[in-house]
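Structural overview
Now for the letters of each chain:
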Amino acid sequence: MTPYAPTEAELELAGARLGDALRARSWRLATAESSTGGLIGHAITMVPGASAYYVGGVIAYSNQAKEVELSVPVELIAEHGAVSEEVAASMAHGVRRRFGVELGVAVTGIAGPEGGREGKPIGTHYVAVSLRGHSERVEQRIFTHDRDGNPAAAAMLALEMALAEIQAATAAER
């Protein structure tokens, strides 16, 4: 992780690398974004031709949107909180199933400058990937940037995790 928040150009480059990997596999991707508010989708769609592999996403900022649009169980949110490993995994799984794609990516977090609490400080983010036929993989990070930088760093992590998931699946098939 870099000590600075990624720039839009760096996000675009990461989106392009992910797009190349998706195109090589003829796979499609969908995104579920809370704290990143569409930034992952933006990074992906800055690349010409992204419609060949990016079908769309859901910006699920509220708990209701997570429940209704991504089928995240209300009990899961009540038990673990919207910013949790369990909810991130459910969001990734839900968006993958909703759009019928091979790979779903999700982010939930606390961008700041308010909203943090003990155990979940400002900057806490959970990023999840869901590859069809595999268990969801979730990573947790606590970013130390501002309200713009924390979501940008989470979006970069999501793009990198999605690429790593594709590379791991490719290597496992060899």
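Residues numbered from 1 in each chain as written. Predicted model: local features only at pLDDT ≥ 70, side-chain atom pairs only at ≥ 80, totals over all residues. Heavy atoms only, no water.

Concerning the pattern of salt bridges
Stated precisely, the cut-off is as follows: The term salt bridge refers to a side-chain nitrogen of Lys or Arg lying within 4 Å of a carboxyl oxygen of Asp or Glu. Type-normalised accessible area, obtained with a 1.4 Å probe on protein chains alone, sets the label of each residue: buried when under 20%, exposed when over 50%, and partly exposed for intermediate values.
Tallied over the full model, the rule gives seven salt bridges. The partner of Arg141 in a salt bridge is Glu139, with the nearest N and O atoms 2.8 Å apart. Residue Arg141 is classed as partly exposed on the basis of its relative accessible area, which comes to 27%. A single salt-bridge network, built from bridges that share partners, covers Arg137, Glu139, Arg141 and Glu165.

Examining the sheet that holds strand β4 (residues 124–131)
Rules: Strands qualify as paired when DSSP identifies two bridges or more between them. Counting from the N terminus, the helices are the DSSP runs of H or I reaching at least four residues and the strands are the DSSP runs of E reaching at least two. Note on geometry: axes are lines fitted to C-alpha atoms, helical ones only across the stretch in contact, with angles between N-to-C directions running from 0 to 180 degrees.
Taken in spatial order, the five strands of this open sheet run β2-β1-β3-β4-β5, and their pairing is mixed. Edge strands, defined here as strands with exactly one partner in the open sheet, are β2 (54–59) and β5 (137–142). Strand-to-strand twist in this sheet, taken as the mean axis angle between neighbours without regard to direction, amounts to 15°. Sheet topology note: the strand β1 (residues 29–33)/strand β3 (residues 103–109) ladder contains five bridges and is parallel.

Quick word on the pairing of β2
The two faces of a sheet get side chains in turn, since along a regular strand they alternate between them. What counts, and what does not: When the strands point away from the viewer and the connection leading from the first strand across the helix to the second strand turns clockwise, the crossover is called right-handed.
Across five bridges, the pairing between β1 and β2 is parallel. Counted as the bridge partner of Ala30 is Gly56 from β2. In this fold, the crossover linking β1 to β2 by way of helix α2 (residues 39–45) has right-handed handedness.

A few points about unusual backbone geometry
Despite not being glycine, Ser26 shows a phi value in the positive range, around 60°. With respect to the helices and strands, the residue Ser26 is situated in the loop between α1 (8–25) and β1. Of note, the phi angle at Ser71 is positive, near 60°, even though the residue is not glycine. On the secondary structure map, Ser71 appears in the loop between α3 (63–70) and α4 (74–80). Residue Ser71 is classed as exposed on the basis of its relative accessible area, which comes to 58%.

Note that all results are geometric; they support no functional claim without further evidence.
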